[in-house]
Amino acid sequence: MMRTPLLTVAALLCVAFGYAPALHAQPTWSGSVASIIYSKCGSCHVDGGIAPFSLTSYESAAAMSSSIQFSIGRGTMPPWPPRDAENRLAHSRALSAQELATIEAWILADKPRGDVSAEPPPPRSLRSTQLPEPPQYSTRIPTYTSTATTRDVYQYFVVPTSFPTDRYVRAFEVMPGNPEIVHHALIFVDTTGEARARDAQSPEPGFPGFGGDAGDLISVWAPGSPPVVLPSNFGLRLPAGADLVIQIHYPAGTAGRVDSTRLNLLFADAGPVREVYISPMLNHVAPSLITRPFVLPANEVTTMRNSFTVPFGTYSILSVAPHMHLIGKSIRAVAVTPQGDSTTLIDIPEWNFHWQGSYLYKRPVVMRSGTTLHGTAVYDNTGHNPHNPSSPPITVRLGEATTDEMFLIYFMYTTYRLGDETLDLEALTSPTSVQEHQEISQFVATPNPTSTSFTFDGKGAPAYLCDVLGRIVRSMPAADGPQTVDVTGLPSGMYLLLSGNRRCSVSVSQ
Ligand code: HEC
């Protein structure tokens, strides 16, 4: 009972001290604000981005400052649907409390510019490729004029690849032809020729369809997401002669406007490829679906559940993409090990169909056999849901139409290899990153087993100690010479020590 007020005071003090430097040091545009705006807003508020104005200079941000203050204060900007308490997702657009306070203090202080020569470079236009290397394959959908007057249009376009052999794709980039009208894109691979046949039957470029079967989904793109880039020896198989099928969403009101969206690819390096797979391990059919049958009664809020247990092997999960339609309200997935440890894989408290995307993990999430994935989706099929396509609400079932629903959580994964837990997937998207192939070597931790601490020889690279789930439990900055790691308080078990290209397992017994 006595502790609560003390804790509150302590928390308030932390908050006060946390914010104090930002307030006292008087943030300037060049000192701190520009880099926040460029990194958290620059993927949309940029030439070729979806937002209606750019925030790529001091002048543009200063001119919009009261509107910025209002929308960041209300939390409507920047759009970033996931809640990510475990800080696993790469390229987060969420503003930290500190960043929010810095921007607000800057606006309150009447937007001081600071040292102009110290300003960071503005984000690049999205009209040229963001891939770290020039694309090895680039294709465009046929020129298409939107027909979306009062209803949204979803149009599939078929792009034959005609590669004579299988190719392994390690990077995808969607470049909207007309960023103002392309609201999201799903990319499928079709080896059956069915999509091509349907296209031939419809007079216009492509053919309409909302949620249909256009092959295997391989990528999901929403405005503001960077291209998907995997390590250079990773690849998703594109079978010889397969068609790429791109479904594009054109919102109501875009009729008469023209698009020709481009898809750029990079392929895995020659040599052994680590094959990457995408599958909706959590889905809306038995045995995954637990809440059966899939029926969402009118005027009710319904919770659906599904699950999947990893049957054998160990996998490195690279990204996650949840998918529902319009009455979806929230969606969540957690992984629980046989020992009961849980990891949140995705948590979207306010689902918005128009901001669906795929989320890359900063580092692969390692999943061993026996781990169970649990999915939960809530659907609001009442008249209070502004996105409900039926008024009055009608009973909704599983299906492909806008008025039907789905419950799918896709995962991109590969079979696990030692060291995957420290792969920096986020850095690969940055054009300056260099991916090095290194031979893995063992190194020595002493004593091992240990109950208190162990020592290893640091060789100028940061080191990490990971648990069996791939979670980093200790991280050590780069140092040369002997380094000691305290393991008190860690549960007994096997851990992996990684540093540069060196690995070793450490056994902790308390
Ligand atoms: C994922 C894309 C995206 C990101 C990132 C983003 N915006 Fe926006 N922003 C938009 C779009 C699109 C609009 C147009 C209004 C709409 O459709 O909601 C908009 C509109 C705005 C507006 C006009 C008022 C309003 O709320 O509609 C302001 C101000 C704004 N953004 C500020 C910001 C700031 C500041 C950031 C970064 C902290 C940011 N935005 C990040 C897409 C984005």
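Here the structure is a predicted model, which is why all the values come from computation and not from measurement.

A. Layout of the domain arrangement of the protein. Domain annotation of the protein identifies domain 1 (16–118), domain 2 (137–272), domain 3 (278–415) and domain 4 (438–508). Averaged C-alpha coordinates put domain 1 and domain 4 at centres separated by 37 Å.

B. Structural detail: the site of the ligand. Neighbouring the ligand are 19 residues, the closest being C41, C44, H45, S67 and M77. Within the contact set of the ligand, a nitrogen atom lies 2.7 Å away from a side-chain nitrogen or oxygen of H45. Elements with a contribution of two residues or more to the shell around the ligand: α2 (29–41) and α4 (65–74). Counting residues per element, the shell around the ligand draws most heavily on α4, at 4 residues. Residue composition of the shell around the ligand, by class: 13 nonpolar, 4 polar and 2 charged.

C. Structural context of the packing of α4 against helix α5 (residues 97–108). The contact between α4 and α5 brings their axes to 10 Å, and the two run at 150°. Taken as axis vectors, α4 and α5 run roughly antiparallel relative to one another. Viewed along their axes, α4 and α5 form a crossing whose handedness is left-handed. Between α4 and α5, the contacting residues are S65, I68, Q69, I72 and G73 on the first element and L100, I103, E104 and I107 on the second. Across the contact of α4 with α5, the residue classes tally to 5 nonpolar, 3 polar and 1 charged.

D. Representation of the coordination of the iron atom of the ligand in the model. Protein coordination at the iron atom of the ligand: the donors are H45 (NE2) and M77 (SD), at 2.0 to 2.3 Å from the metal. Looking at H45, the relative accessible area reads 9%, which means it is buried.

E. Local environment of the confidence of the model for the protein. Chain-level statistics for the protein give a pLDDT mean of 88 and a share of 92% at 70 or above. Here helix α1 (residues 3–24) stands out as the least confident element of the protein, with mean pLDDT 41; strand β20 (residues 372–381) is the most confident, with 98. Note that residues 1–23 has pLDDT below 50 and, in this model, 9 contacts with residues that lie over four places away or in other chains. Across residues 431–438 the pLDDT falls below 50, and counting only partners more than four positions away or on other chains, this stretch makes 13 contacts in the model.

F. Representation of the sheet that holds strand β18 (residues 342–348) within the structure. Sheet architecture is open: 4 strands sit in the order β15-β20-β17-β18, paired in antiparallel fashion. Looking at the sheet topology across the chains shown, the edges are occupied by β15 (300–309) and β18. Along the sheet, successive strands turn relative to each other by an average axial angle of 15°, direction set aside.

G. Expanded view of the sheet that holds strand β5 (residues 184–190). Read from one edge of the open sheet, 5 strands run β6-β3-β10-β5-β7, paired in antiparallel fashion. Two strands bound the open sheet, and with one partner strand each, they are β6 (207–208) and β7 (216–221). Across 2 bridges, the pairing between strand β3 (residues 153–160) and β6 is antiparallel. Paired with Q155 across the bridge in β6 is P208.

Basis of the calculations
Residues numbered from 1 in each chain as written. Predicted model: local features only at pLDDT ≥ 70, side-chain atom pairs only at ≥ 80, totals over all residues. Heavy atoms only, no water. Domains from an automatic or database assignment. Near = heavy atom within 4 Å. Polar contact = N/O pair within 3.5 Å; in protein donor to acceptor, adjacent residues only side chain to side chain. Helix = DSSP H or I, 4+ residues; strand = E, 2+ residues; numbered from the N terminus. Nonpolar A, V, L, I, M, F, W, Y, C, P; charged D, E, K, R; others polar. Axes fitted to C-alpha atoms, helices over the stretch in contact; angles between N-to-C directions. Parallel < 35°, antiparallel > 145°, perpendicular 65-115°, else oblique. Left-handed = near helix turned anticlockwise from the far one by under 90°. Contact = heavy atoms within 4.5 Å. Donors = N, O, S within 2.8 Å, 3.2 Å for Na, K, Ca; no water. Buried < 20%, exposed > 50% of the residue type's maximum accessible area, 1.4 Å probe, protein only. pLDDT = per-residue confidence, 0-100. Pairing = 2+ DSSP bridges.

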